[in-house]
Amino acid sequence: MSEAAIPTAARSAPITLVGPIAWVRTNLFSGWFSGLFSLVLLFLIVKWTLGFIEWGVINAVWSVPNNQTQACRDLKGTGACWAVITEKHRFILFGTYPYEEQWRAFLSILVFIGLFIVSAMRRFWRKELGLIWIGALTTIGVLMWGGVLGLNYVPQERWGGLVITLILATFGLAFAFPLSILVALGRRSKLPAIKALCVIYVELIRGVPLISLLFMASVMFPLFLPEGMNIDKLLRAQIAIILFAGAYLAEVVRGGLQSLPRGQYEAADALGLSYWKKTGFIILPQALRLVIPPLVNTFIGFFKDTSLVLIIGIFDLLTAGKTAIIEPAWQGFGIEVYLTVGFIYFCFCFAMSRYSQNLEAELNQHRVR
Amino acid sequence: MSTSMEAVASAARADAPPAIMLDKVNKWYGALHVLRDVTLNVALGERLVVCGPSGSGKSTLIRCINRLETHQEGTIKVDGIELSDDLRALDAIRREVGMVFQSFNLFPHLTILENCTLAPIWVRHMPKAEAEALAMEYLERVKIPEQAKKYPGQLSGGQQQRVAIARALCMKPKIMLFDEPTSALDPEMIKEVLETMVGLAETGMTMVCVTHEMGFARQVADRVVFMDRGEIVEQGPPNEVFENPRTDRLKLFLSQILRGH
Ligand SMILES: Nc1ncnc2c1ncn2[C@@H]1O[C@H](COP(=O)(O)OP(=O)(O)OP(=O)(O)O)[C@@H](O)[C@H]1O
Ligand SMILES: [Mg+2]
């Protein structure tokens, strides 16, 4: 027993402990119950996947000659009618934007996506990024409205589809986020007036549903304006969304501010940093890092909430999809359209979610030892 | 260190204008009276050690000196400037007074070097290269230049506290305040931080230091101030205060910390 221990050479773990076989054994078949459960699940997954492939690919109809949907109807639900997408995709993406001008709306979407990609890269996180945003948003404005540079004027009432969703979401978050930071800071202000203002704003806005804010923006707001003055409906909805998102984001940011230890504020004060330098260099960088997950959660929520503008008659992506199948010839193909619209939403939201996870890992490296 | 040198230095200090003047300072937290008629002058170049039982108001006292806390009665003058609600006076004082905290309070999202250069660049408007050179000089003085690119979380407590000292020194303060700089540290790290502070004392820096490290107080302090329940009860040269306590409160306190050590 008490013999001097001879150091044992390290061996690689037996095949029963590592590798795919071991993984399957420990994770799927660790007992008779979990084994049975895994088998049933596996069966269902395979069955549904095959069913979906049969419906969506094998039996699907991809196009029909000029609105003759008989071929689709003959399927009696055994196959997807993707012809509705082939036929209506431009309407879903661009709404009632004039057909010959739709390249402009398409370009705007590309500019948006480019802007998102550039903003996501940390290499571009410099002062110039602000200029890039101003440039990109101006370009989008010029493209969509026209009336200059030989582009025909397109009134806002004719805009629609994905572009509207991207406009509402991008401008919404681009303004709501800075607003929310100011409000969150204001709620912690030592000046009672500023503090009260911020508290009232957050509590009032959070206390009503977004739908009622949108109604107010579209119905009540014009009543307060002087006779003859009219603010565009989209802008009103946009303002309602900014105010709404701002209140929610402010609470998320405040959570981050509150979780910072007091010593950080004191150390910055003791070094003589002014309020804004302290906030900009010490407090916000730490507080925002801490709240990346709930922040992105709220972003994703608002991206989808923009679809509520349908109730005041703005043609966003979802409304355009819904309207596309009103035409008698295409009635009854809602599944295909909603799947497509849902997929578009999913792409944007999933990208945000993945990106936030990477960002969180990258920005919080200093916390890893 | 020769005794004659000491005597000369002390004499010079006695003549120097006071760096910090507190006159009948009173402070309350709600109904709690935490500073009671505190009157204290600290000469330029003087090394003052403040000790006293927990809750006696030591932290409050030195936090009033750079206005992390505000006092309600009496006057505080630092470097000839009176502390008031005037923001410009406050900025001037914060630039001249460095502070080291018990819990280090380094900025975890910035590297050691960035921790040290932030304030010189943004408060003193020093060019970046110059601030970095200065920071490296002080990091060398606290013996951790090789950690400059790391984050605070990657350093030991003693190293972090030395960085905190270097960070404060990078602002070239005239006065340094220490609030129990070693009480959050393991014994072997206390030594390295105290050595750094002794080194700093030898440069002639005006220091106000809240600490229970008797050895440190004996070695560097010109004067020890004993506080209890918000009052200065006794003060004098370390030997006198520690060897011949006049009040029962100080006797009790000394017996307690001697037992604790
Ligand atoms: N922000 C505050 N609000 C209310 N009371 C406080 C606050 N800070 C300190 N106090 C109280 O004031 C008194 C003095 O506190 P202070 O921190 O100055 O004591 P201290 O001598 O530094 O003690 P310690 O050795 O424990 O650090 C204590 O009774 C403490 O509870
Ligand atoms: Mg204390």
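Coordinates for the structure precede this section.
What comes next concerns the included structure. Only a predicted model underlies this, so the values are computations on that prediction, with no experimental measurement involved. (Residues numbered from 1 in each chain as written. Chains lettered and ligands numbered in written order. Predicted model: local features only at pLDDT ≥ 70, side-chain atom pairs only at ≥ 80, totals over all residues. Heavy atoms only, no water.)

Secondary-structure assignment places B:Val25 in strand β1 (residues 18-29). Look past the residues within four positions of B:Val25 in its chain and what remains in contact with it is B:Leu35, B:Arg36, B:Asp37, B:Val38, B:His71, B:Glu73, B:Gly74, B:Thr75 and B:Ile76. (Helix = DSSP H or I, 4+ residues; strand = E, 2+ residues; numbered from the N terminus. Contact = heavy atoms within 4.5 Å.)

In this section: the interface of chain A and chain B. Facing the 19 residues of chain A at the interface are 24 residues of chain B. Both sides of the chain A and chain B interface together cover about 2,000 Å² of buried area, and 64% of this is carbon and sulfur. For the interface between chain A and chain B, the tally reads 1 salt bridge. In this structure, B:Arg63 and A:Glu266 form a salt bridge, with 2.6 Å as the shortest nitrogen-oxygen distance. Inspection of the region where chain A meets chain B yields 6 residue pairs in polar contact (both at pLDDT 80 or more). (Buried area = accessible area lost by both parts, 1.4 Å probe. Salt bridge = Lys/Arg side-chain N within 4 Å of Asp/Glu carboxyl O. Polar contact = N/O pair within 3.5 Å; in protein donor to acceptor, adjacent residues only side chain to side chain.)

Here the focus is the site of ligand 1. Residue and element names in this part refer to chain B. What surrounds ligand 1 is the set Tyr29, Leu32, Val34, Pro53, Ser54, Gly55, Ser56, Gly57, Lys58, Ser59, Thr60 and Glu180. Ser54 places a polar side-chain atom, nitrogen or oxygen, 2.7 Å from an oxygen atom of ligand 1. In this structure, an oxygen atom belonging to ligand 1 sits 2.8 Å away from a side-chain N or O atom of Lys58. Contact with the protein chains hides 61% of the accessible area of ligand 1, taken as 630 Å² for the molecule alone. Looking at the shell around ligand 1, the elements that each hand over two or more residues are β2 (32-43) and α2 (58-65). A per-element tally of the shell around ligand 1 places α2 first, with 3 residues. For the shell around ligand 1, the class distribution of residues is 4 nonpolar, 6 polar and 2 charged. (Near = heavy atom within 4 Å. Areas by Shrake-Rupley, 256 points an atom, 1.4 Å probe, with all protein chains shown as cover. Nonpolar A, V, L, I, M, F, W, Y, C, P; charged D, E, K, R; others polar.)

Before going further, it helps to examine the sheet that holds strand β6 (residues 97-100) of chain B. Residue and element names in this part refer to chain B. One open sheet holds the 6 strands; their spatial order is β6-β7-β8-β3-β9-β10, and the pairing between them is mixed. The sheet is open, and its two borders are formed by β6 and β10 (231-236), each paired with just one other strand. Between one strand axis and the next, the sheet turns by 20° as a mean value, whatever way the strands run. Alignment of strand β7 (residues 175-179) against strand β8 (residues 206-210), held across 5 bridges, turns out to be parallel. Across the sheet, residue Phe178 finds its bridge partner in β8, namely Cys209. Against the sheet, helix α3 (residues 87-96) makes contact with β6 and β7, and its axis sits at roughly 60° relative to β6, the strand it touches most. (Pairing = 2+ DSSP bridges. Axes fitted to C-alpha atoms, helices over the stretch in contact; angles between N-to-C directions.)

Okay, the packing of aromatic side chains next. For any pair of aromatic rings, geometry is given as the distance between the ring centres together with the angle between the planes. Under the definition given, this model contains 18 aromatic pairs over all chains. Look at A:Trp55 and A:Trp82: their rings are 5.9 Å apart centre to centre, the planes differ by 70°, and that puts the pair in the edge-to-face class. A residue pair is termed long-range when its members are at least 10 positions apart, and A:Trp55 in helix α2 (residues 32-58) and A:Trp82 in the loop between α3 (70-74) and α4 (83-94) qualify at 27 residues. Exposure remark for A:Trp55: the relative accessible area of 17% places this residue in the buried category. Taking 6.2 Å as the distance between ring centres and 90° as the angle between the ring planes, the aromatic pair formed by A:Phe91 and A:Phe315 counts as edge-to-face. Here A:Phe91, found in helix α4, pairs with A:Phe315, found in the loop between α13 (292-305) and α14 (317-324); they are 224 residues apart in sequence, far enough to count as distant. Accessibility expressed as a relative area gives 25% for A:Phe315, which makes it partly exposed. Joined through ring pairs, the aromatic side chains of A:Trp32, A:Phe33 and A:Phe37 make up one cluster. Taking NZ or CZ as reference, A:Arg90 lies 4.3 Å from the ring centre of A:Tyr99, over its face. Over the face of the ring belonging to B:Tyr29 we find B:Lys27, whose NZ or CZ atom lies 4.8 Å from the ring centre. (Phe/Tyr/Trp six-rings, centres within 6.5 Å; stacked < 30°, edge-to-face > 60°. Buried < 20%, exposed > 50% of the residue type's maximum accessible area, 1.4 Å probe, protein only. Lys NZ or Arg CZ within 6 Å of the ring centre and 35° of its normal.)

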